[in-house]
Amino acid sequence: MLPRGSIGAAHIWKRFRADPTRNYLRDQLARWRDLVRGNGHRGWRWALRDVSLTVEPGGAVGIVGTNGSGKSTFLKILNRVMYPYAGRLEVSGRVAALIEIGAGLHPELTGGENIYLTGSLLGLRRQEIAARFDEIVAFAELDPAIERQVKFYSSGMKMRLGFAVAASLQPDILLVDEVLAVGDAAFQQKSFNRMRAMLSEGVTLVFVSHDLASVEATCTHGIWLENGVVAAGGAVDEVLAAYRRSIEETAHAYVGTGGVLRVARVAVGSDHGTAASHEELRVATVIESPHALTSVFYLGVSEGPATPIFVLQRDLHLTAGATEVRCLIRRLPLPRGRFYLWLGIFDKAGHDLLPWHPVTHFDVAGPDLDRPPRGVVRLAPVHVEAAWEVDAE
Amino acid sequence: MDHLTAVPAQPPVHLRYHRRLHLGEAIRELWTARELIRTLVERELRARYKQAVLGTAWTIIPPLTLMLVFTFFLHRGGRIDTGGIPYPLFAYVGLLPWTFFSASVSRGGQSLLQNAALLNKVYCPREVYPISSIVIAGVDTLVALPILAIMFAIFRTAPQPSTLLALPLLAVQLAFTFGVTLIVSSVSVYLRDLRHALPILLQLGLFATPVAYGSEVVPAALRLPYAFINPLAPVIDGYRRVVLLGQPPAWDAVLAGTLSSLLLLALGSILFKRLETGFADVA
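Residues numbered from 1 in each chain as written. Chains lettered and ligands numbered in written order. Predicted model: local features only at pLDDT ≥ 70, side-chain atom pairs only at ≥ 80, totals over all residues. Heavy atoms only, no water.

Quick word on the overall build of chain A
Part 1: Across its full length, chain A carries eight helices and 17 strands.
Part 2: Within chain A, buried positions represent 51% of all 393 residues.
Part 3: Taking as baseline every contact in chain A between residues at least 6 positions apart, the subset at least 24 positions apart corresponds to 71%. (Helix = DSSP H or I, 4+ residues; strand = E, 2+ residues; numbered from the N terminus. Buried < 20%, exposed > 50% of the residue type's maximum accessible area, 1.4 Å probe, protein only. Contact = heavy atoms within 4.5 Å.)

As for helix α5 (residues 87–109) of chain B
Part 1: Its 23 residues give α5(B) an end-to-end C-alpha distance of 32 Å, which sits within 8% of 33 Å, the value for a rise of 1.5 Å per residue.
Part 2: Roughly 25 degrees is the biggest bend found in α5(B), and it falls at B:L95, with proline B:P97 one to four residues downstream. (Expected span 1.5 Å × (residues − 1). Bend = angle between axes of the 7 residues up to and from the residue.)

Concerning the sheet that holds strand β5 (residues 95–98) of chain A
Residue and element names in this part refer to chain A.
Part 1: Ordered by their spatial adjacency, six strands build an open sheet running β5-β6-β7-β3-β8-β9, and the pairing between neighbours is mixed. A strand with exactly one partner marks an edge of an open sheet, and here the two such strands are β5 and β9 (229–235). Taking the axes of each pair of neighbouring strands and ignoring which way they run, one obtains an average angle of 15 degrees across the sheet.
Part 2: In this structure, β5 lies alongside strand β6 (residues 173–177), joined through four bridges in parallel fashion. (Pairing = 2+ DSSP bridges. Axes fitted to C-alpha atoms, helices over the stretch in contact; angles between N-to-C directions.)

Regarding the confidence of the model for chain B
Residue and element names in this part refer to chain B.
Part 1: With 95% of its residues at a pLDDT of at least 70, chain B reaches an overall mean of 89.
Part 2: Put simply, helix α1 (residues 2–6) is where chain B has its lowest mean pLDDT, 53, and helix α9 (residues 166–190) is where it has its highest, 96.
Part 3: Across the whole predicted complex the pTM is 0.80, and at the interface the ipTM reaches 0.82. (pLDDT = per-residue confidence, 0-100.)

So, the interface of chain A and chain B
Part 1: Contact with chain A, which involves 47 residues of that partner, is made by 44 residues of chain B.
Part 2: Buried surface at the junction of chain A and chain B, both sides included, amounts to about 4,300 Å², of which 61% is carbon and sulfur.
Part 3: Joining chain A to chain B, the criterion identifies three salt bridges.
Part 4: Between B:E42 and A:R126 there is a salt bridge whose closest N-O contact spans 3.1 Å.
Part 5: Across the chain A-chain B interface, the total number found is 13 residue pairs in polar contact (both at pLDDT 80 or more). (Buried area = accessible area lost by both parts, 1.4 Å probe. Salt bridge = Lys/Arg side-chain N within 4 Å of Asp/Glu carboxyl O. Polar contact = N/O pair within 3.5 Å; in protein donor to acceptor, adjacent residues only side chain to side chain.)

Some remarks on the sheet that holds strand β13 (residues 293–302) of chain A
The strands making up a sheet associate through backbone hydrogen bonding, with each pair oriented either parallel or antiparallel.
All names here are of chain A.
Part 1: Taken together, the five strands give an open sheet; going across it, the order is β11-β17-β16-β13-β14, and neighbouring strands pair in mixed fashion. Two strands lie at the open edges of the sheet, namely β11 (275–276) and β14 (308–318), each paired on one side alone.
Part 2: Bridging between β13 and strand β16 (residues 337–346) involves seven bridges; their strand directions are antiparallel. Bridging from a neighbouring strand, L299 pairs with L343 of β16.

Details of the pattern of salt bridges
Residue and element names in this part refer to chain B.
Part 1: A full pass over the atoms with the stated rule returns 24 salt bridges over all chains.
Part 2: The salt bridge involving E276 is made with K273; its shortest N-O contact spans 3.5 Å. Pair noted here: E276 and K273 are both in helix α13 (residues 251–282), with a separation of three residues, about one helical turn.
Part 3: Its relative accessible area of 14% is what places K273 among the buried residues.

Details of the packing of aromatic side chains
Part 1: Under the defined criterion, the tally for this structure stands at 13 aromatic pairs over all chains.
Part 2: On the basis of an interplanar angle of 75 degrees and a centroid distance of 5.1 Å, the ring pair of A:W13 and A:W46 is categorised as edge-to-face. Separated by 33 residues along the polypeptide, A:W13 in strand β1 (residues 7–17) and A:W46 in strand β2 (residues 44–55) bring together distant segments of the chain.
Part 3: Judged by centre distance (5.3 Å) and plane angle (15 degrees), the ring pair of B:F101 and B:F176 falls under stacked. Placement of B:F101 in helix α5 and of B:F176 in helix α9 is noted, with a sequence separation of 75 residues between them. (Phe/Tyr/Trp six-rings, centres within 6.5 Å; stacked < 30°, edge-to-face > 60°.)

Details of the environment of A:Y243
All names here are of chain A.
Part 1: Residue position: Y243 is located in helix α8 (residues 236–253).
Part 2: Its relative accessible area of 4% is what places Y243 among the buried residues.
Part 3: Along the chain, Y243 and R26 lie 217 residues apart, while their C-alpha atoms are 43 Å from each other.
Part 4: Excluding residues within four positions of it along the chain, Y243 makes contact with V64, G65, T66, L212 and W224.

Observations regarding a nonpolar patch on the surface
Residues and elements named next belong to chain A.
Part 1: Together, L25, L29, W32 and L35 make up a nonpolar patch on the protein surface, roughly 410 Å² of accessible area in all.
Part 2: With respect to the helices, strands and loops of the structure, L29 is situated in helix α1 (residues 25–36).
Part 3: According to the relative accessible area criterion, L29 is partly exposed, its value standing at 45%. (Patch = residues over 30% accessible without salt bridge, like charges linked within 9 Å, V, L, I, M, F, W, Y side chains within 5 Å. Areas by Shrake-Rupley, 256 points an atom, 1.4 Å probe, with all protein chains shown as cover.)

Regarding the nonpolar core
Considering soluble globular proteins, one finds that nonpolar side chains tend to be buried as a cluster.
Part 1: Ranked by size, the top nonpolar core spans 48 residues in total, and within it A:V64, A:I115, A:Y153, A:L174, A:L205 and A:W224 carry the most contacts.
Part 2: Of all the elements, helix α5 (residues 155–167) of chain A adds the most residues to this core, at seven residues.
Part 3: Formed by 44 residues, the second largest nonpolar core is a distinct cluster that contains B:Y87, B:A166, B:V211 and B:V254. (Core = buried A, V, L, I, M, F, W, Y, C linked by side-chain atoms within 4.5 Å.)

A look at the side chain of B:R43
Part 1: Here B:R43 shows up in helix α3 (residues 34–51).
Part 2: Among all residues touching B:R43, those that are not within four sequence positions of it are A:G104, A:H106, A:L109, A:L117 and B:N115.

Section: unusual backbone geometry
All names here are of chain A.
Part 1: The phi dihedral of H11 is positive, around 50 degrees, even though this residue is not glycine.
Part 2: With respect to the element layout, H11 can be found in strand β1.
Part 3: Although it is not a glycine, D50 sits at a positive phi angle of roughly 55 degrees.
Part 4: Classification of D50 by relative accessible area gives buried; the value is 14%.

A word on the environment of B:P86
Residue and element names in this part refer to chain B.
Part 1: As for its position among the elements, P86 is in the loop between α4 (57–74) and α5.
Part 2: For P86, a relative accessible area of 24% translates into the label partly exposed.
Part 3: P86 sits 164 residues away from A250 along the chain, and the two C-alpha atoms are 21 Å apart.

Topic: the packing of α5(B) against helix α10 (residues 194–208) of chain B
Residues and elements named next belong to chain B.
Part 1: Viewed as axis vectors pointing N to C, α5 and α10 meet at an angle of 165 degrees, and their least axial separation amounts to 11 Å. Comparing their axes, α10 and α5 come out roughly antiparallel. The way α5 lies across α10 gives a crossing that is right-handed. Along its contact with α5, which presents W98, F101, S102, V105 and S106, the element α10 presents L198, L202, G205 and L206.
Part 2: Grouping the constituent residues of the contact of α5 with α10 by class yields six nonpolar, three polar and no charged. (Parallel < 35°, antiparallel > 145°, perpendicular 65-115°, else oblique. Left-handed = near helix turned anticlockwise from the far one by under 90°. Nonpolar A, V, L, I, M, F, W, Y, C, P; charged D, E, K, R; others polar.)

Below you can see the structure in the form of structure tokens.
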């Protein structure tokens, strides 16, 4: 037996049917017929292959990967909702999954009745729910609506209700699958805070997210799944760095699709060669156009796949043939690291002339970012110079 | 990245995941989930009575209607031998267990599919869904029970003292109902069109079971095999004997029914546990 709050998953394999998974008599008969005739089954699709993960009590692991890479399947297996095909699995202690539990809500019942329903589904005892009832209502911000039937709730209210019940669990292990994208910004912040509080109480965390910054800020370890296989595992910053590199490589493959314009050349740098924090940065691009055009030119910088850190824009008259566009950023507000340059050109009606896409990456030299205290806060993507004065009064 | 190439195409055989199943553990887990079952039952009942204007009436109407239909169409002119019992009473005593069985199977059979959204989100013993359907059918039966008391008053009779013997019959009935519901619910996940066949099968079952008529229509030589195949037959016959006639049940037939009910329950449990591992994959 592993100590409470630990996860030991070794060589986990999971497969699904490769054929369209309809489950009607006709389909089953066809399968059986194939089996009897010795044609074998119509094949399986591996969702996870040889995935291992060990987490000690209080550890925090982030799982990243593109859509369909097996992240959610793996989380379902850890949650014991799905069974692996092969492998050894031990999950010890009370597990809570912060998932979109809106599915369990019954539209005809009131919010209050649904709190009991959802709580029981998540394994809470009635007494426990009764004891936390007010807290849950307050957290979900549903105070006046709690006597109302859930069918009159907005989708945001339903999500808040489900999430608030899940958040009131006191688990040893917390599984989080992208739910923090729920609700408005204020509620998201509240959910982050709740997760942070649970973490500081020593809960083990497995966190699946596309938001790499919050994974980096929350987790100490990470695994990157690619087509069901662990492509990288270990310290979170190394894993994320590898993942970002791969994202950027695939993004390059998309360049040149759609639009009438073409990027002939891109150069990013400074007069001294590489870019540096709070130094000048020069971006030079050459755009080729088949005819003269009036357009709007957008230039952005991001950390990997995430949303841009900043975007610059100006009107641009393109002549037939090549046009060079040079941009000077006087003091680059970026910390040390690798960043991606995005370009997009649109006509006045907003149609793509050149789709918004990453064109190149560049490295910035400079001071390391100060890590924020452990917890669920975004790593600051900008570097700000400041002068400090501390005086005793 | 060398790890990528190191992953074999198939997992080695010794790694195959085998779920260890212990009967005791499964039962203990179900016991801890009893509050969940209660909540699921409450959810159904509350929701139902919020929607329906007639409320409880809807649970009484099905057996009552069938009783009236049988009385006026099947029994016309005393065609059915009831052993001296007023026919409506005779039919209603048979209809109560049948309605319980039929409601359990049709509602419980769909319970997993209806809760498919929960199956791959929330961990709980999967049996809670069919079980809560059976409990709801049980509550409905209890609600329909007072009608029986009214009928006793109308026909100026009373239940016989031997009614206590109904308890072991009830146990057999529950075992059989649970077994069938487990099978139908788990198979329905993989054979979704069973939903369309089920009402027809239940309709046939109603006439293959001595609900509208007595057990005497079955030839004496076939009575035991019949009881084995359809355990509801000796159970319903037993209810009539102990409640209405003051006789003991036909124990040999009840024993045959008990045997097959337990077999079916064991089979249903094993099948359910087997198929359970795939519910979340296909739901």
